[in-house]
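Given next are the chains, with one letter for each unit.
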Amino acid sequence: RKKLPLVNKKVLVTAGPTYEAIDPVRFIGNHSSGKMGFALADELASQGADVILVAGPTAQKSEYKSIKRIDVTSAAEMLDACLENFDSANACIMCAAVADYTPAHVAQQKIKKTEDHFNIELKKTTDILKTLGQQKRDDQVLVGFALETNNEEQHAIDKLKKKNLDLIVLNSLNDSGAGFKSDTNKVTLIDRQLNKTTFELKSKAEVANDICLAVVDLLNK
Ligand code: C5P
């Protein structure tokens, strides 16, 4: 029998949205379903990997009991969970839709509706993927996602370079059937040599398999 390609490989995956607290009952979030990240975690586990899945708030469930899931809520919590697991990881695939901004101050009590106009001051969150890119060793493989609406490939290549990635998965919002809540996705993979592979629209499970094969190749280089 053929040995599974990712046995003894630890892979860190992020998935889902993050929720940024405004007060004890409200948050800023986004529409990420977590489907792509959970599909990736399942595919990696099926190939024999030790998967650490850092998940924001999501209703998704994993197929494999071997997946070690760490539930987080905010971008700051997701960063901490990733930093704790990065050194020992052979590969990291950052699939989460992390909030770019978070409230500068979290109200300790529920905010009352007294003002007609109400401003929330926001501050930038830490870019988790970029932070890991800065710490990356030569033996580690780092994969990011880019969800773009215009100049898709150029923006994806810029991100690949700026964040020191080995591979970027571009999904365009211009493709119907691709994106957040859908069960299908259409992606283009771009590596450091700027080799481009564009795939057909297919299920997120099949897209996960394509990404997984690319990661196996990069780990073997
Ligand atoms: O720069 P942009 O947010 O478009 O980059 C998307 C990629 O970066 C995704 O892989 C996403 O998971 C990751 N990211 C992150 N931490 C952030 C923002 C994005 O890991 N704060």
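Residues numbered from 1 in each chain as written. Predicted model: local features only at pLDDT ≥ 70, side-chain atom pairs only at ≥ 80, totals over all residues. Heavy atoms only, no water.

Caption draft 1: Here's a closer look at the site of the ligand. Around the ligand, the surrounding shell consists of M94, A96, V98, T125, T126, D127, I128, L129, G144, F145, K159 and K163. Here an oxygen atom of the ligand sits 2.6 Å away from a polar atom, N or O, in the main chain of M94. Interatomic distance of 3.1 Å between a backbone N/O atom of T126 and a nitrogen atom of the ligand. Burial of the ligand by the surrounding chains reaches 85%, relative to a free accessible area of 450 Å². Taking a 2 Å distance to the grid points as the criterion, the majority of the atoms of the ligand fall inside the largest pocket. Contributing elements (two or more residues each) for the shell around the ligand: α3 (128–135) and β9 (141–148). Of the residues in the shell around the ligand, the class split is 6 nonpolar, 3 polar and 3 charged. (Near = heavy atom within 4 Å. Polar contact = N/O pair within 3.5 Å; in protein donor to acceptor, adjacent residues only side chain to side chain. Areas by Shrake-Rupley, 256 points an atom, 1.4 Å probe, with all protein chains shown as cover. 1 Å grid on protein atoms, 1.4 Å probe; cavity = no way out; pocket = protein on both sides within 12 Å on 5 of 7 lines; lining within 4 Å. Sits in = over half its atoms within 2 Å of the grid points. Helix = DSSP H or I, 4+ residues; strand = E, 2+ residues; numbered from the N terminus. Nonpolar A, V, L, I, M, F, W, Y, C, P; charged D, E, K, R; others polar.)

Caption draft 2: Structural view of a nonpolar patch on the surface. Taken together, the side chains of Y101, F118, I120 and L122 present a nonpolar region at the surface, about 380 Å² in accessible area. With respect to the helices and strands, I120 occurs in the loop between β7 (101–103) and β8 (122–124). On the basis of relative accessible area, I120 is assigned to the partly exposed category, the value being 38%. (Patch = residues over 30% accessible without salt bridge, like charges linked within 9 Å, V, L, I, M, F, W, Y side chains within 5 Å. Salt bridge = Lys/Arg side-chain N within 4 Å of Asp/Glu carboxyl O. Buried < 20%, exposed > 50% of the residue type's maximum accessible area, 1.4 Å probe, protein only.)

Caption draft 3: Highlighting the nonpolar core. Grouped together as the largest cluster of nonpolar side chains are 36 residues, with contacts concentrated most on L44, I93 and I211. Listed by contribution, the elements that provide at least two residues to this core are β1 (10–15), α1 (35–46), β4 (50–55), β6 (91–94), β9, β10 (167–172), β12 (187–191) and α5 (204–220). If one sorts the elements of this core by residue count, α5 sits on top with 9 residues. Residues contacting I93, with those up to four places away along its chain left out, are V11, L12, V13, T14, L40, L44, V143, F145, I211 and V215. Core analysis: the second largest hydrophobic core is formed by 25 residues, V54, F86, C92 and L160 among them. (Core = buried A, V, L, I, M, F, W, Y, C linked by side-chain atoms within 4.5 Å. Contact = heavy atoms within 4.5 Å.)

Caption draft 4: Summary view of the layout of surface pockets. By volume, the largest pocket is sized at about 1,100 Å³. Considering the residues around the largest pocket, the lining is formed by 41 residues, among which A96, A97, V98, D100 and K163 are closest to the centre. Of all elements in the fold, only β1, α1, β8, α3, β9 and α4 (152–162) reach the threshold of two or more residues within the lining of the largest pocket. (Points joined across faces, edges and corners; volume = space filled by probe spheres on them.)

Caption draft 5: Seen up close, the UniProt feature "binding site: CTP" (unreviewed entry) in the protein chain. With numbering matched to this structure, UniProt assigns "binding site: CTP" (unreviewed entry) to D100, K110, F145, K159 and K163. These annotated residues cover 64 residues of sequence, and their C-alpha atoms sit far apart, with the largest distance between any two at 38.0 Å. Here the residues from the annotation list that line the largest pocket are D100, F145, K159 and K163. Here D100 is to be found in the loop between β6 and β7. Position of F145 among the secondary structure elements: in strand β9. Using a relative accessible area of 17% as the deciding quantity, one classes F145 as buried. Other than its neighbours up to four places away in sequence, F145 contacts M36, L40, I93, M94, C95, I168, V169, N171 and I211. (UniProt positions renumbered as here; feature names shortened; annotations may be inferred.)

Caption draft 6: Just the pairing of β1, in detail. When you tally the buried positions in β1, you get 6 out of 6 residues, the bulk of the element. Here β1 runs beside β4; their pairing, made up of 6 bridges, is parallel. Its bridge partner being in β4, K10 is matched across the sheet by D50. (Pairing = 2+ DSSP bridges.)

Caption draft 7: Broad picture of the pattern of salt bridges. Summed over all chains, the structure comprises 10 salt bridges. Ionic pairing is found between D139 and R137, a salt bridge with its closest N-O pair at 2.9 Å. The partly exposed category is assigned to R137, whose relative accessible area is 35%. Between K159 and E148 there is a salt bridge whose closest N-O contact spans 2.5 Å. In this pair, K159 sits in helix α4 while E148 sits in strand β9, placing the two residues 11 residues apart along the sequence.

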